[in-house]
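Each chain, letter by letter, is given below.
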Amino acid sequence: LGPAVGQRRGGMDLLKLVGCLFVIISSSGIGFLLGSRFGERVEDIRNFRTSIQMLETEISYSHTPLPEAFVCVAKKSGGAVRAIFEHVGDSLGSRRSGNVGDAFASALNRSSGSVSLSPEDMEILKSFGHSLGCSDVDGQMKCFKLVSKQLEAQQAKAEQERGKNERMYKSLGVLTGLAVSILLL
């Protein structure tokens, strides 16, 4: 009777340790996942800034029509930005959308789950989309400069948030796992 009870108890202790390890790994993973969203936002804003600069070049120097310019920039872009620019180019090319602003807003809304942008970032981009094609080349250049400055400010804000929050979420995930594990033991 004595050795059998000891073996069961040893098995229960091993099961508790495995459970605690699982809790620590899971909560740490969640913390790292939540923390990485801040880095993704910085990267998405950076990709938009680069793509918008390419679009400016296509329009101002190459005098490429907007539908073709969006498709050309999409080929050079990466990630979710590529899909957004492709959608706008296709919508404008096939005349499914009434104007650039509607096509751009539709593309942003459609891909809202695949980009890590704040509502403020989205509004800046939608406003930019509505300003495209509404004025002459000089007016367009002013719009490009404005959106570039706005996205630069948003990127700086996103980098500050990333520096502050990314580390916090990662640490919080690990510490939560450890605290729950201590309570289980």
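What counts and how
- Residues numbered from 1 in each chain as written.
- Predicted model: local features only at pLDDT ≥ 70, side-chain atom pairs only at ≥ 80, totals over all residues.
- Heavy atoms only, no water.
- Phe/Tyr/Trp six-rings, centres within 6.5 Å; stacked < 30°, edge-to-face > 60°.
- Helix = DSSP H or I, 4+ residues; strand = E, 2+ residues; numbered from the N terminus.
- Buried < 20%, exposed > 50% of the residue type's maximum accessible area, 1.4 Å probe, protein only.
- Polar contact = N/O pair within 3.5 Å; in protein donor to acceptor, adjacent residues only side chain to side chain.
- Axes fitted to C-alpha atoms, helices over the stretch in contact; angles between N-to-C directions.
- Parallel < 35°, antiparallel > 145°, perpendicular 65-115°, else oblique.
- Contact = heavy atoms within 4.5 Å.
- Nonpolar A, V, L, I, M, F, W, Y, C, P; charged D, E, K, R; others polar.
- Core = buried A, V, L, I, M, F, W, Y, C linked by side-chain atoms within 4.5 Å.
- Expected span 1.5 Å × (residues − 1).
- Bend = angle between axes of the 7 residues up to and from the residue.

Draft legend 1. Local environment of the packing of aromatic side chains. All chains considered together, the criterion is met by seven aromatic pairs. Their ring planes at 45° and their centres at 6.5 Å tell us that Phe48 and Phe85 sit as a pair that is tilted. A residue pair is termed long-range when its members are at least 10 positions apart, and Phe48 in helix α1 (residues 2-60) and Phe85 in helix α3 (residues 79-93) qualify at 37 residues. Each member of the pair, Phe48 together with Phe85, is buried.

Draft legend 2. Representation of helix α4 (residues 100-110) within the structure. Burial in α4 covers these residues: Val100, Gly101, Ala103, Phe104, Ala105, Ala107 and Leu108. With a side-chain oxygen positioned 3.1 Å from the backbone nitrogen of Gly101, the residue opening α4 is Asn99.

Draft legend 3. The packing of α4 against helix α5 (residues 119-131), seen in detail. Interaxial distance between α4 and α5 falls to 7 Å at its minimum, and their mutual angle equals 155°. The angle between α4 and α5 falls in the class roughly antiparallel. Residues Val100, Gly101, Asp102, Phe104, Ala105, Leu108 and Asn109 of α4 form the contact with α5, whose own contacting residues are Met122, Leu125, Lys126, Phe128, Gly129 and His130. Class assignment of the residues belonging to the contact of α4 with α5 gives a composition of seven nonpolar, four polar and two charged.

Draft legend 4. Summary view of the environment of Arg167. As for its placement among the helices and strands, Arg167 is situated in helix α6 (residues 137-184). Sequence separation between Arg167 and Asp13 is 154 residues; the distance between their C-alpha atoms is 33 Å.

Draft legend 5. Representation of the environment of Ser112 in the model. You can see Ser112 is positioned in the loop between α4 and α5. With a relative accessible area of 43%, Ser112 lands in the partly exposed category. In this structure the C-alpha to C-alpha distance between Ser112 and Gln160, which are 48 residues apart in sequence, comes to 22 Å.

Draft legend 6. Structural view of the nonpolar core. Judged by nonpolar contacts, the single largest core of 35 residues is most densely connected at Phe48, Leu55, Phe70 and Phe85. Ranked by residue count, the leading element in this core is α1, at seven residues. Each residue touching Leu55, except ones within four places of it in the same chain, is listed here: Ala69, Phe70, Val73, Phe85, Phe128, Leu132 and Phe144.

Draft legend 7. Spotlight on the side chain of Glu58. Here Glu58 lies in helix α1. Given a relative accessible area of 11%, Glu58 falls into the buried group. For Glu58, the contacting residues outside a window of four places in its chain are His63, Thr64, Ala69, Cys72, Val73 and Lys76.

Draft legend 8. Here's a closer look at α6. Spanning 48 residues, α6 covers 66 Å between terminal C-alpha atoms, matching the ideal 70 Å at 1.5 Å per step. Arg162 marks where α6 bends most, by close to 30°.

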